[in-house]
Amino acid sequence: MVMGCYGIGVGRTMAAAIEQNHDEHGIIWPAGIAPYQIIVVPISEKNEKQMAAAEQIYRLLQIKGYSVILDDRAERAGVKFNDADLLGIPIRVTVGDKGLAENKVEVKVRKTGVNEKVPLDELETAIAAIVNALG
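Residues numbered from 1 in each chain as written. Predicted model: local features only at pLDDT ≥ 70, side-chain atom pairs only at ≥ 80, totals over all residues. Heavy atoms only, no water.

Asks: Requested: an account of the nonpolar core, with residues and values cited.
Replies: In terms of nonpolar packing, the biggest core is built from 22 residues, with I38, V40, V93, V107 and I127 touching the most fellow members. Elements with a minimum of two residues in this core: strand 3 (38-42), helix 2 (48-63), strand 4 (68-70), strand 5 (91-95), strand 6 (104-109) and helix 5 (123-134). Setting aside anything within four residues of it in sequence, one finds V107 in contact with I91, R92, V93, V114, N115, E116, V118, L123, I127 and I130. (Core = buried A, V, L, I, M, F, W, Y, C linked by side-chain atoms within 4.5 Å. Buried < 20%, exposed > 50% of the residue type's maximum accessible area, 1.4 Å probe, protein only. Helix = DSSP H or I, 4+ residues; strand = E, 2+ residues; numbered from the N terminus. Contact = heavy atoms within 4.5 Å.)

Asks: Go over the packing of aromatic side chains, please, and point to the residues and values.
Replies: Within this structure, the stated rule accounts for zero aromatic pairs. The ring of F81 has R92 sitting right over it, with the charged end atom 4.0 Å from the ring centre. (Phe/Tyr/Trp six-rings, centres within 6.5 Å; stacked < 30°, edge-to-face > 60°. Lys NZ or Arg CZ within 6 Å of the ring centre and 35° of its normal.)

Asks: Outline the pairing of strand 6, listing residues and values.
Replies: Judged from the four bridges that link them, strand 5 and strand 6 form a sheet pairing that is antiparallel. Residue V93 lies in a different strand from strand 6, and its bridge partner there is V107. Both strand 6 and strand 7 (residues 115-119) contribute to a ladder of five bridges, which runs antiparallel. Along strand 7, the bridge assignment pairs K104 with P119. The antiparallel pairing of strand 6 with strand 7 creates a hairpin that spans five residues between the two strands, and G113 there sits at a positive phi of about 80°. (Pairing = 2+ DSSP bridges.)

Asks: Got a sec to walk through the pattern of salt bridges? Specific residues and values, please.
Replies: Taken as a whole and assessed by the stated rule, the structure comprises seven salt bridges. The shortest N-O distance in the salt bridge between R73 and D71 comes to 2.8 Å. Ionic pairing is found between E102 and K117, a salt bridge with its closest N-O pair at 3.8 Å. With E102 in the loop between helix 4 (97-101) and strand 6 and K117 in strand 7, this residue pair connects regions lying 15 residues apart in the sequence. We classify E102 as partly exposed; its relative accessible area is 45%. Accessibility expressed as a relative area gives 42% for K117, which makes it partly exposed. Taken together, the shared-partner salt bridges connect D23, D85, K108 and R110 into one network. (Salt bridge = Lys/Arg side-chain N within 4 Å of Asp/Glu carboxyl O.)

What follows is the structure, given as structure tokens:
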């Protein structure tokens, strides 16, 4: 033997976390090691109202210190949702026309699958509660 390694490195830790936290849709990252805590998904990148609201939410969450990604790709909503689940981002905020008409967005917790409509003026509080609950 030339060399042996018995340490637990970052790669092994991530692999172990994925092995213990996944389902048929993909990874379910523990909140403490997720590459991003939140993904903001506008239903249509062509809809100016959705994009403006999504970008505003994205900036607000960044200012509040969250690790956020904005999915502004030119893809169907289902593709974006599947990719968010596959990547295992703990919280998904969906911005759509129906929700915006009610001044709300959908917030989905990847680990539990719980999906609820949250008023825009309560989003920051709701996200903070979810992040605290996830640890």
